[in-house]
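Listed below, chain by chain, are the residues.
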Amino acid sequence: SDALLYSEQYIVPATDAAVYQASSGWFFSPQKKERWKVSLGVHTNVFFVPKSDRKFTIKNSDFQFFEIEGATSATVPTALGNGDQVYLIGDLGGEQVRLKTPNGVNQETIIYPYLQGSIELPYGVEFLARFSTRTKLKKGDYQVYGFGLKHNLSQYFPKIEAKKFYFSVAAIYSKEDISFDFLDVNTAYGNLGINNINGLVNTFHFQLNTSKQFKKFEVMANLTVNNSAFEYIVSGERGAIEDSFPVQSVINDLLKRISKDKTNFLGEISGRYQISKFYLQSSIAFGKFVNGNMGVQYQF
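Read on for an overview of the structure. The structure presented is a predicted model; accordingly, all values stated were derived computationally and were not measured.

1. Observations concerning the overall build of the chain
Thinking step 1. The number of helices and strands found in the chain is 3 helices and 18 strands.
Thinking step 2. Projected onto its principal axes, the C-alpha coordinates of the chain cover approximately 80 × 35 × 30 Å.
Thinking step 3. Expressed as a percentage of its 300 residues, the buried residues of the chain come to 51%.
Thinking step 4. Restricting the contact set of the chain to residue pairs at least 6 apart, pairs at least 24 apart contribute 66%.
Thinking step 5. Of the roughly 14,100 Å² of accessible surface on the chain, a fraction of 59% belongs to carbon and sulfur atoms.
Thinking step 6. The positive charge centre, built from 31 side chains, and the negative charge centre, built from 28, are 16 Å apart in the chain.

Spelled out as structure tokens, the structure:
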């Protein structure tokens, strides 16, 4: 019960943020390209960690097993917070259990690189794909990958397209995997095996995109609606206590209570400049959080 209480307040802000990191920078341009044209880009995502989601308050009355050492309440970091820690203590079979609360990433911004590519299919449909290697954060890791389809709508309105206005819609799926060091609980029976917590997020994005071309410069905007399914899992070194009480599986079963679906709305403004077959692009997405994106693309 204590692990469930702590995990919800600790990791949920980070998984909410992960959705925003995975939502922006998905389309190079709403324009319809020549059939089988391939584009490949190297991007850097910059997430600005909000102060409001960096900490939360715990009280002794919140816990059933633990209590705060030397205090009745304390302010501790979420996974997006700083490195401040307090000790929690409890008694298990006459033996004291003492542990530090987990750190946050202790970063003002979270930065990760990724590859993104696209290929133009028939009828103005474009296949999109994104992949990042597992990015090491302070006290954690982050990875995102996904794919989707974009369909050009302005091709059906030649008078509008002749004025270099473009429109498209897109449907995208992404997978976010974020993990952090969690409660490293050592007892006379061994480690309780909950020293790592993973947030797994499956997100479906639906976008309406528009742009205006000014010679080699293109100004773009989009509105995104996404729906995310969250799953949380603890893992770590298996202790001898698992022979008589399956701590990990019990906690993971309890964590299903906080595995809720969420819907988000966000907007994004982007600009792209052409230099021969290269394109320089940057964007800013905004909603509950603010997320930036910069990239260099090559169109084959």
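2. Focus: helix 1 (residues 2-23)
Thinking step 1. Between its terminal C-alpha atoms helix 1 stretches 32 Å, which fits the 32 Å expected from 22 residues at 1.5 Å a residue.
Thinking step 2. By the largest-angle criterion, Ile-11 marks the main kink of helix 1, which is about 35°, and a proline, Pro-13, follows within four residues.
Thinking step 3. In terms of burial, helix 1 is a largely internal element, 19 of the 22 residues being buried.
Thinking step 4. Count one or two residues on from helix 1 and you reach Gly-25, which has phi positive near 70°.

Thresholds applied
- Residues numbered from 1 in each chain as written.
- Predicted model: local features only at pLDDT ≥ 70, side-chain atom pairs only at ≥ 80, totals over all residues.
- Heavy atoms only, no water.
- Helix = DSSP H or I, 4+ residues; strand = E, 2+ residues; numbered from the N terminus.
- Buried < 20%, exposed > 50% of the residue type's maximum accessible area, 1.4 Å probe, protein only.
- Contact = heavy atoms within 4.5 Å.
- Areas by Shrake-Rupley, 256 points an atom, 1.4 Å probe, with all protein chains shown as cover.
- Lys, Arg positive; Asp, Glu negative; His and termini not counted.
- Charge placed at Lys NZ, Arg CZ, Asp CG, Glu CD.
- Expected span 1.5 Å × (residues − 1).
- Bend = angle between axes of the 7 residues up to and from the residue.

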